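Commentary on secondary and tertiary structure
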Amino acid sequence: MSTPKAEKSAQLKAVQAALGAEHAAVYGYGVVGGRIRETRRAEARTAYDAHRARRDELERVVRDLGGKPVAAAAAYALPFAVPDAAAAVRLAAELEERVAGVYGDLVRATEGERRRAAADALREAAVRAVRWRGESVAFPGLAERAAEPSASATSGT
């Protein structure tokens, strides 16, 4: 049986991981925006803005839980080179799938309103991933993670 302190610590850890993923997504969408075709630029901007808003909200949640929000890295290693618009679309889909995986962890670690917010974020990331990739998976954020060592594996310089 876990204690309230242990539950709060688990929540804080999961929120910090989601915050880290949002930092990486914001960075990644900066790359996407520089390579994406004009026809999809508004879609990329909307996703960028959504991730910035989620990032800002998660920083508040971390503080509410008594923690210090994890800072964004100066740069993040991309999972592959992004020389053109096609690669930018693949990167956007990858970013959304990774974010969805981290929000899946947050859903498991929280209850009540925080769980609902995490589930909403998971759903939004999954929908954006489908739009970018053009296809869906049965359980967004889960199948993709089986092949990845960590949902936050994009961090680094």
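How each quantity is defined
- Residues numbered from 1 in each chain as written.
- Predicted model: local features only at pLDDT ≥ 70, side-chain atom pairs only at ≥ 80, totals over all residues.
- Heavy atoms only, no water.
- Helix = DSSP H or I, 4+ residues; strand = E, 2+ residues; numbered from the N terminus.
- Buried < 20%, exposed > 50% of the residue type's maximum accessible area, 1.4 Å probe, protein only.
- Contact = heavy atoms within 4.5 Å.
- Areas by Shrake-Rupley, 256 points an atom, 1.4 Å probe, with all protein chains shown as cover.
- Salt bridge = Lys/Arg side-chain N within 4 Å of Asp/Glu carboxyl O.
- Polar contact = N/O pair within 3.5 Å; in protein donor to acceptor, adjacent residues only side chain to side chain.
- pLDDT = per-residue confidence, 0-100.
- Axes fitted to C-alpha atoms, helices over the stretch in contact; angles between N-to-C directions.
- Parallel < 35°, antiparallel > 145°, perpendicular 65-115°, else oblique.
- Nonpolar A, V, L, I, M, F, W, Y, C, P; charged D, E, K, R; others polar.

Some details on the overall build of the protein
Along the protein, the regular secondary structure elements total 5 helices and 0 strands. Counted from the first residue to the last, the protein has its helices and strands arranged as α-α-α-α-α. Taken over 157 residues, the protein has a buried fraction of 38%. Pairs at least 24 residues apart make up 79% of the contacts formed inside the protein by residues separated by at least 6 positions. Accessible area of the protein: about 8600 Å², with a carbon and sulfur share of 54%.

A word on the pattern of salt bridges
The tally for this structure, following the rule as stated, stands at 12 salt bridges. Across the pair Arg-41 and Glu-38 runs a salt bridge, and its minimum N-O distance is 2.6 Å. Residue Arg-41 and its partner Glu-38 are both found in helix α2 (residues 38–64); the two are separated by 3 residues, about one turn of the helix. Assessed through its relative accessible area of 58%, Glu-38 is described here as exposed. With a closest N to O distance of 2.7 Å, Arg-54 and Glu-124 form a salt bridge. Of the two residues, Arg-54 sits in helix α2 while Glu-124 sits in helix α4 (residues 112–133), which places them 70 residues apart along the sequence. Glu-124 gets classed as partly exposed once you look at its relative accessible area, which sits at 27%.

Focus: the side chain of His-23
With respect to the element layout, His-23 can be found in helix α1 (residues 4–35). Among the polar contacts listed, one links the side chain of His-23 to the backbone oxygen of Val-70, at a separation of 3.0 Å. Residues in contact with His-23, not counting those within four places in the same chain, are Arg-55, Glu-59, Val-70, Ala-71, Ala-72 and Tyr-76.

Regarding the confidence of the model for the protein
Mean pLDDT over the protein stands at 88; residues scoring 70 or higher make up 84%. Between residues 143–157, whose pLDDT stays under 50, and residues either more than four places distant or in other chains, the model counts 24 contacts.

Focus: the packing of α1 against helix α3 (residues 85–109)
At a minimum axis distance of 9 Å, the contact between α1 and α3 shows a crossing angle of 170°. On the basis of the axis angle, α1 is roughly antiparallel to α3. Looking at side-chain class alone, the contact of α1 with α3 contains 21 nonpolar, 2 polar and 4 charged residues.

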